[in-house]
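Close look at the chain arrangement
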Amino acid sequence: MNEVSKSEFRDMFFRYGSEADGWGEAYWERFFAEEKTPPMAYKVEPPASPLHQRMMIVSDYGSREHRMFFLTEESEESFFGR
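Position labels on residues start from 1 in each chain and follow its written sequence. Per-residue local features of the predicted model are confined to residues with pLDDT of at least 70, and side-chain atom pairs are confined, for both listing and counting, to 80 or more; whole-chain, interface and lining totals are unaffected and use all residues. Only hydrogens and water are set aside; all other atoms, that is, all heavy atoms of the structure, feed into the side-chain values.

When helices and strands are counted, the chain shows three helices and four strands. Counting from the N terminus, the helices are the DSSP runs of H or I reaching at least four residues and the strands are the DSSP runs of E reaching at least two. Seen in sequence order, the chain has helices and strands lined up from the N terminus as β-α-α-β-β-β-α. When we talk radius of gyration, it's over C-alpha atoms, and the globule rule is simply 2.2 Å times the number of residues to the 0.38. Here the C-alpha radius of gyration of the chain, 13 Å, is about what a compact globule of 82 residues would show, namely 12 Å. Only protein chains enter the calculation, and the probe is 1.4 Å; a residue is then buried if its accessible area is under 20% of its type maximum, exposed if over 50%, and partly exposed in between. Each of the 82 residues in the chain was classed as buried or not, and the buried ones make up 28%. The long-range fraction of contacts in the chain, counting pairs at least 24 apart against all pairs at least 6 apart in sequence, stands at 52%. Here the open area of atoms and residues is found with the Shrake-Rupley method and a 1.4 Å probe, where only the protein chains shown may cover a residue. By element, 49% of the accessible surface of the chain is carried by carbon and sulfur atoms, the whole surface being about 5,400 Å². Under the convention used here, Asp and Glu are negative, Lys and Arg are positive, and both His and the chain ends fall outside the count. Throughout, a charge is located at the NZ atom of Lys, the CZ atom of Arg, the CG atom of Asp or the CD atom of Glu. Averaging the coordinates of the 10 positive side-chain charges in the chain and doing the same for the 16 negative ones gives two points 4 Å apart. The contact criterion used is simple: two residues touch if any of their non-hydrogen atoms lie within 4.5 Å.

The next point concerns the sheet that holds strand 2 (residues 41-44). Picture the strands of a sheet paired through backbone hydrogen bonds; they go either parallel or antiparallel. DSSP calls a pair of strands paired once it identifies at least 2 bridges connecting them. Pairing within the open sheet is mixed, and its four strands lie in the order 1-2-4-3. In this open sheet, the two strands that pair with only one neighbour each are strand 1 (2-4) and strand 3 (54-60). Going from strand to strand, the sheet's axes swing by 30° on average, the running direction of each strand aside. Two strands pair when backbone bridges link them, and strand 1 and strand 2 are joined in this way by three bridges, in the antiparallel orientation. Looking at the pairing, glutamate 3 lines up with lysine 43 of strand 2. Angles here are taken between N-to-C directions and fall from 0 to 180 degrees, while the axes themselves are lines fitted to C-alpha atoms, restricted in helices to the stretch in contact. This element, helix 1 (residues 6-16), spans strand 1, strand 2, strand 3 and strand 4 (65-71) of the sheet and lies at about 30° to strand 4.

As paired elements, strand 2 and strand 4 share four bridges and run parallel to each other. Bridging across to strand 4, valine 44 finds its partner in methionine 68.

Here we take up the packing of aromatic side chains. Any pair of Phe, Tyr and Trp rings, taking the six-membered ring for Trp, is counted once the centres come within 6.5 Å. Such a pair is stacked with planes under 30 degrees apart, edge-to-face with planes over 60 apart, and tilted for the rest. Inspection of the entire model under this criterion finds 14 aromatic pairs. Summarising the aromatic geometry, the rings of tyrosine 16 and phenylalanine 70 are spaced 4.9 Å apart at their centres and angled 65° between planes, so their arrangement reads as edge-to-face. In this pair, tyrosine 16 sits in helix 1 while phenylalanine 70 sits in strand 4, placing the two residues 54 residues apart along the sequence. Note on tyrosine 27 and phenylalanine 32: the rings are 6.1 Å apart at their centroids and 50° apart in plane angle, and the pair reads as tilted. We classify tyrosine 27 as partly exposed; its relative accessible area is 28%. For phenylalanine 32, a relative accessible area of 2% puts it in the buried group. Feature note: the residues Phe9, Phe13, Phe14, Trp23, Tyr27, Trp28, Phe31, Phe32 and Tyr42 constitute an aromatic cluster, connected by ring pairs.

What follows covers the side chain of threonine 72. Along the chain, the position of threonine 72 falls in the loop between strand 4 and helix 3 (73-79). Not counting the four nearest positions on each side in its chain, threonine 72 is found in contact with Leu51, His52 and Arg54.

This is a description of form; function is not addressed.
Shown next as structure tokens:
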């Protein structure tokens with residue numbers, strides 16, 4: 001997982017996220033626009049293939065990291081036990 005700037009994280013958030021999936025401007029403003037527990041590191045693992053379209057973000061306040069990664073639709077379903 002690569003550490004990126006907040007600006008790069010934001011660019012990826014809007015490039016890969018969609019309002020339909022809940023990753024819109026309102027979500028960004030609520031959870032990322034203003035640092036609640038600075039400093040936070042921003043880490044990203046880009047999609048491994050075109051099938052890895054499901055963006056996931058974990059905010060780990062203990063480690064002070066926001067981590068973005070991507071799953072396939074199938075792996076997302078098994079992750080959530082669907």
